[in-house]
Amino acid sequence: MKKSPESANPVIRKISNAVAHREVTLALHAARAAVGVGMLLPGNSRWRGAGSLFLGGTTCLLAARHRYGTDGSDQVATLVQGATGLARLSRSTQTQDALLWYVALQANLSYAASGWVKLLGERWRDASALPGVMRTRTYGSEKIYQLTQSHPKTSKYVQHGVLALECLFPLVHLAGGRLTRPVLASAASFHVANGFVMGLGRFMTAFPSMHPMVAYTTTPASHPAVAGRDDRAVKAAGLLLAAGVAASAALAVQRRSTVLEGWPTSRRFVTRHGNELLYETGGDTGDTFDTGDTFDTGHSDEPVLVFAAGLASTSEHFAWITERFVNETDHPVVSYARAGYGGSLRRTTAPYELAESVDDLEDLVRGVLPAGRKVVLVGHSLGGEIIRRAADRLSDRLAGLVYLDPAHPAELQRSERQSEGSKALSETIAQASRYLRLGSGILMSRPEWLDRLPKEYRRRVFAQYTDARLWTAGKREWEAVEKDFRAFDGTIAPLPVPGLIIAAQQTVDQDPEQLLLYNELSHAHSGHGETGGIEVVEGSDHDSLLTNAAHAHRAADLIATFLAEVPAARVPADAEQGELQDQPQDAARTEGTAR
């Protein structure tokens, strides 16, 4: 709990530490029980408002020790207790009506958001969600599961009925009160059923506690029971919503501009497909300057490292590794964003295939690096498969390949864990793309791994992750990759250069099949002596291999050792010039300035 973001505040940390004492916790629970009994007694005193505020406040106070406060039912209960407590203590009818409207609007938001999220998920649409939940140990029921199997049509009607109830809940305010009783009765029945079937007992009291406010606000203004009701809260909520939408749009535009602009040192390159790749260069090998078609990487003979990122990932993920090589070695580096990611633009209208990204990488290497310069391709996750496929095409330029926890074309067929995970990945990427296109980037929470990157990279990476373009590109790539991988029926052909595989410990520990796949990939490089092989970074997972400074530096050390063992001879200039003449004209055009 002390590692949670809110505990970074010293005042909150002191309060949490005080509440964490056993005697204080017991005293608070005893007081809550006493107040709870008092709230069940008859009466309409203003003290009931104080009791509601006390229960809501102590729920928040105890959340640091008892994480029950993260449940939806407790969040709803705290919201209702806070709003109704303030309403009871207030002497202003306008304030009371505003607070009751607040709860009613929150009820509409809760039901509608839950319904539309379900509707966007495939399992609720095809009616497989209820049987799936009923099969789980945590929330399931064997009897209900058997009923869903013996009566599939009824199960489907029930699920689609829940979707309709939640998605259309706000319509209760547009029917002049005629839908209030049937809608609230259906919602309450739904929560009672959840309580008995799924064990969600607190849902039976928490969510229906919002229903009286919904009934109050849906009653026609002409009814004597609500005479003089102040409905200005609705207009205020509408204005706030409009302001929120405007702020969201402005932020999305600002972030999109940041993403497309790239870094001050970014350059652009046009591939044979017409795609514009944004890339950065760096290296302590002498002055780097624009030479028209290529950039000069100094006079060192050390291979240039070219980094290819993974699926729905950014080139900035390599920051810890690239900064290490730029600042401490003579190896120049090139990192780029694939078409559709970051500031790179996908101009082609042809259906995407993985070969397109392989073509783009080949064009980038041949088009921007000096003739005769050797390269080492470094790929993480899907980037590892892309560099493997590019190896034969670039065999005359390659000094080696480095795979960072790479994808394997047979993993979806041979690894049950990868195959099952692919379904969740497809849904996650599709939903993220859909939501962000609607302008919801302002609501996206800051991922924990982001703050482990070097500080100067965080703002730009977050801008990319809240931009729909990244997720749309990821969705496009994943659909093609999944189709390609599930059709893979061969073995990996021998590769023309040494290869190093750096695996994350959690990847190989959690899925033994993955280590066998890595062994096969390593065997494809076995014709090059003892150079390379497989190295495991202890304590790392698929992402922290790059985002955790210690793990990334360990990976950088392993890459440096590998580079010391691979040949670094320059490519004959005449041979390289001959090959460049065969490339499309656009494949050698660059723009911008270099670092």
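Please read all numbers here as calculations on a predicted model, not as lab measurements.

### Details of unusual backbone geometry
Next, step 1: Its identity is not glycine, yet A312 carries a phi of approximately 50 degrees, on the positive side.
Next, step 2: Its place among the elements puts A312 in the loop between β3 (304-308) and α14 (319-328).
Next, step 3: Notably, S381 is not glycine yet its phi reads approximately 55 degrees, a positive angle.
Next, step 4: In this structure, S381 sits in the loop between β5 (375-380) and α16 (382-390).
Next, step 5: On the accessibility criterion, S381 (16% relative accessible area) is buried.

### Considerations on the packing of aromatic side chains
Next, step 1: In total, this model carries seven aromatic pairs according to the counting rule given.
Next, step 2: Residues Y111 and F207 carry aromatic rings whose centres are separated by 6.3 Å and whose planes lie at 55 degrees to one another, so their mutual orientation is tilted. With a gap of 96 residues between them, Y111 in helix α5 (residues 93-120) and F207 in the loop between α11 (203-206) and α12 (211-218) connect regions that are remote in the sequence. Assigned by exposure class, Y111 and F207 land together as buried.
Next, step 3: Put simply, the rings of Y111, F169, F203 and F207 pair up and form one aromatic cluster.
Next, step 4: Its end group placed over the ring of W124, K118 keeps NZ or CZ at 5.4 Å from the ring centre.

### What to know about the pairing of strand β2 (residues 276-282)
Next, step 1: β2 sits mainly inside the fold: seven of its seven residues count as buried.
Next, step 2: By the alternation rule, side chains of β2 split into E276, L278, E280 and G282 and L277, Y279 and T281, which are all buried.
Next, step 3: Summarising the sheet, strand β1 (residues 267-270) and β2 pair through four bridges and their orientation is antiparallel. Note on β2: the bridge partner recorded for R267 is Y279.
Next, step 4: Here β1 folds back onto β2 in antiparallel fashion, the turn holding five residues, of which G274 has a positive phi close to 85 degrees.

### A closer look at empty space enclosed by the protein
Unfilled space is identified by rolling a water-sized probe across the atoms.
Next, step 1: Taken as a whole, this structure holds four cavities of 30 Å³ or more when the rule is applied.
Next, step 2: Within this model, the second largest cavity holds a volume of roughly 90 Å³.
Next, step 3: Lining the second largest cavity are 13 residues, and of these L278, E316, G342, G343 and Q464 lie nearest its centre.
Next, step 4: Put simply, the parts of the chain that give the lining of the second largest cavity at least two residues each are β2 and α19 (455-465).
Next, step 5: The class makeup of the residues in the lining of the second largest cavity is four nonpolar, six polar and three charged.

### Description of the confidence of the model for the chain
Next, step 1: Taken over all residues, the pLDDT of the chain has a mean of 88, while the share at 70 or more is 91%.
Next, step 2: For the stretch residues 284-293, pLDDT sits under 50, and the model shows 27 contacts to residues farther than four places along the chain or on other chains.
Next, step 3: Ignoring residues within four places in sequence, the model shows residues 569-595, a span with pLDDT below 50, making 65 contacts including any to other chains.

Scoring rules and cut-offs
- Residues numbered from 1 in each chain as written.
- Predicted model: local features only at pLDDT ≥ 70, side-chain atom pairs only at ≥ 80, totals over all residues.
- Heavy atoms only, no water.
- Helix = DSSP H or I, 4+ residues; strand = E, 2+ residues; numbered from the N terminus.
- Buried < 20%, exposed > 50% of the residue type's maximum accessible area, 1.4 Å probe, protein only.
- Phe/Tyr/Trp six-rings, centres within 6.5 Å; stacked < 30°, edge-to-face > 60°.
- Lys NZ or Arg CZ within 6 Å of the ring centre and 35° of its normal.
- Pairing = 2+ DSSP bridges.
- 1 Å grid on protein atoms, 1.4 Å probe; cavity = no way out; pocket = protein on both sides within 12 Å on 5 of 7 lines; lining within 4 Å.
- Points joined across faces, edges and corners; volume = space filled by probe spheres on them.
- Nonpolar A, V, L, I, M, F, W, Y, C, P; charged D, E, K, R; others polar.
- pLDDT = per-residue confidence, 0-100.
- Contact = heavy atoms within 4.5 Å.

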